[in-house]
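Residue strings, one per chain:
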Amino acid sequence: MSISLLPGHPHTAYRDGELCMASHALSALAQAHGTPLFVYSKAAMLDALAAYQRGFAGRNAQICYAMKANSSLGVLQVFAQAGCGFDIVSGGELERVLAAGGDPGKVIFSGVGKTRAEMRQALVAGIGCFNVESESELEVLSDAALAMGLRAPVSIRVNPNVDPKTHPYISTGLKGNKFGVAHERALATYQRAAALPGLQVVGIDCHIGSQITDSTPYLDAMDRVLDLVDAVEAAGIPIHHIDFGGGLGIDYNGDTPPAADALWAQLLAKLDARGYGQRRLMIEPGRSLVGNAGVCVTEVLYLKPGEQKNFCIIDAAMNELPRPAMYEAFHQIVPLSPRHGPGTVFDVVGPVCESGDWIGRDRALDVRPGDLLAVLSAGAYCMSMASNYNTRGRPAEVLVEGDKATLIRARETAADQMRHERLVG
Ligand code: LLP
């Protein structure tokens, strides 16, 4: 048998010219479940998690999977069973954690716009920490907790003002971003939090952006955060945990992010040097745990030659692969059974009525209608951002583990989409 690995995509490889994940030919899964189809490798998720776990060996650390990256129940279950907590940003995400068997005590609640109802819901569930993003949110949270006879555990998300050198839409730690409390206001905000009767200060939090492929911004952010810990504790407010957010990038197109354990070796050296090595540490990785564990299998519907462009029209679209349309992001697109002819240069596009509905530009492919393609690195920020535009149903999802392939989400039907709608009288 000939095996050729796909660099950066563990557990996905060509076996005798057929793209497989674990022991499954992706074409067989497509045949069984239709396309577009997301297929995830449990082993790839656990490998990605293991890199962080190795990085934290011997430390007091909690990994909270940022479930916005992929919030399907079957995926959450993998991380819950592996002992992860969850970083949530809505009451809906909290319900998903509970439905997947996650431990609410290991949940941290991020986001700039938590509603009072979401705060109550999270307090009832007994979550571990609210990552508060503004002074006005502190007041509302204190109020909500007091009304329930509780004290809400809080961290303040500080904005370290470092440039993560990533796409502007996914950079979050700069002064011009809506996230977090400005570094200069952080001490005053902690003093306010410590004085509010419905709050219990437990930690500090930051998040500088996503798809970060360089360790420097992390090291800079850590210095800025530790400066604040020094200042806040000098003011008599103990900080029990330090949360460094998420953001480590993945290899989409030859990108070379540091490995999670290598990054943490550097960060821990800094923490040790500054005397914080034994503090409780938290992180909120999303993309790096699931991104390269998933592919989207799609069928070529039509080839449409043109004067300026040739189009390869596939049955997946910006509905389930929104990243190219939103961030001009690059995803590799590979055939499930390569033909090895010279190929033609195509724009690979979906059926949605938008010129922005493209998945890949200027890709050389030797394909015919009916062929199957895999869009790689589709485990993160694809299904969780999927929409029903054009009344397209969201795809099915399969999780593979060794010989087992489990349908973790059935394909959405038009009836599913219309369920809550009513005709007028
Ligand atoms: N924690 C917080 C507070 C966040 O805002 C985020 C992501 C994460 C953790 C997880 O970051 P990660 O480890 O996944 O980089 N839709 C965009 C990415 C948006 C990220 C938003 N925040 C994309 O498809 O590239």
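The following refers to the structure shown. By convention here, each chain's residues receive numbers from 1 onward along its written sequence. In keeping with the predicted nature of the model, local features appear solely for residues at pLDDT of at least 70, side-chain atom pairs appear and are counted solely at 80 or more, and the whole-chain, interface and lining totals rest on all residues. Side-chain metrics rest on all non-hydrogen atoms present in the structure, leaving aside hydrogens and water.

### So, the sheet that holds strand β1 (residues 3-5)
Strands pair in a sheet through their backbones, by hydrogen bonds, and they do so in one of two ways: parallel or antiparallel. Here the rule is simple: two strands pair whenever DSSP picks up at least two bridges between them. Strands are runs of DSSP state E lasting at least 2 residues, helices are runs of H or I lasting at least 4, and numbering of each runs from the N terminus. The strand order across the open sheet built from four strands is β1-β2-β3-β4, with neighbouring strands paired in antiparallel fashion. The outermost strands of the open sheet, each flanked by one partner alone, are β1 and β4 (24-25).

### Regarding the environment of valine 39
By the secondary structure assignment, valine 39 is in strand β5 (residues 37-41). Along the chain, valine 39 and histidine 24 lie 15 residues apart, while their C-alpha atoms are 10 Å from each other.

### Looking at the environment of alanine 231
Here alanine 231 shows up in helix α8 (residues 216-234). Through-space distance from the C-alpha of alanine 231 to that of alanine 186 is 9.6 Å; in sequence the pair is 45 residues apart.

### Remarks on the pattern of salt bridges
A pairing counts as a salt bridge when a side-chain nitrogen of Lys or Arg comes within 4 Å of a carboxyl oxygen of Asp or Glu. On inspection of all chains with the given rule, the structure shows 22 salt bridges. Aspartate 223 is paired through a salt bridge with arginine 274; the nearest N and O atoms lie 3.0 Å apart. Placement of aspartate 223 in helix α8 and of arginine 274 in the loop between α9 (260-273) and β14 (280-283) is noted, with a sequence separation of 51 residues between them. Each residue's exposure class comes from its accessible area (1.4 Å probe, protein chains only) as a fraction of the maximum for that residue type: buried when under 20%, exposed when over 50%, partly exposed otherwise. Owing to a relative accessible area of 26%, arginine 274 belongs among the partly exposed residues under this scheme.

### Points about the nonpolar core
Nine residue types can take part in a nonpolar core, namely buried Ala, Val, Leu, Ile, Met, Phe, Trp, Tyr and Cys, and a core is a set of them joined through side-chain atoms within 4.5 Å. Counting 98 residues, the largest nonpolar core has Tyr65, Phe79, Phe86, Phe130, Phe244 and Trp264 as the members making the most contacts within it. Broken down by element, the residue count for this core peaks at nine residues, all from α8. Per the annotation, domain bounds derive from an automatic or database assignment of domains. Each of domain 1 (3-41 + 291-418) and domain 2 (110-285) contributes no fewer than three residues to this core. When checking whether two residues touch, look at their non-hydrogen atoms; a contact exists if any pair is within 4.5 Å. Each residue touching tryptophan 264, except ones within four places of it in the same chain, is listed here: Tyr52, Gly55, Phe56, Met222, Phe244, Leu271 and Ile283. One finds Tyr14, Val297, Val334 and Leu336 within the second-largest nonpolar core, a separate group that totals 18 residues.

The values reported here are purely geometric and, on their own, carry no functional implication.
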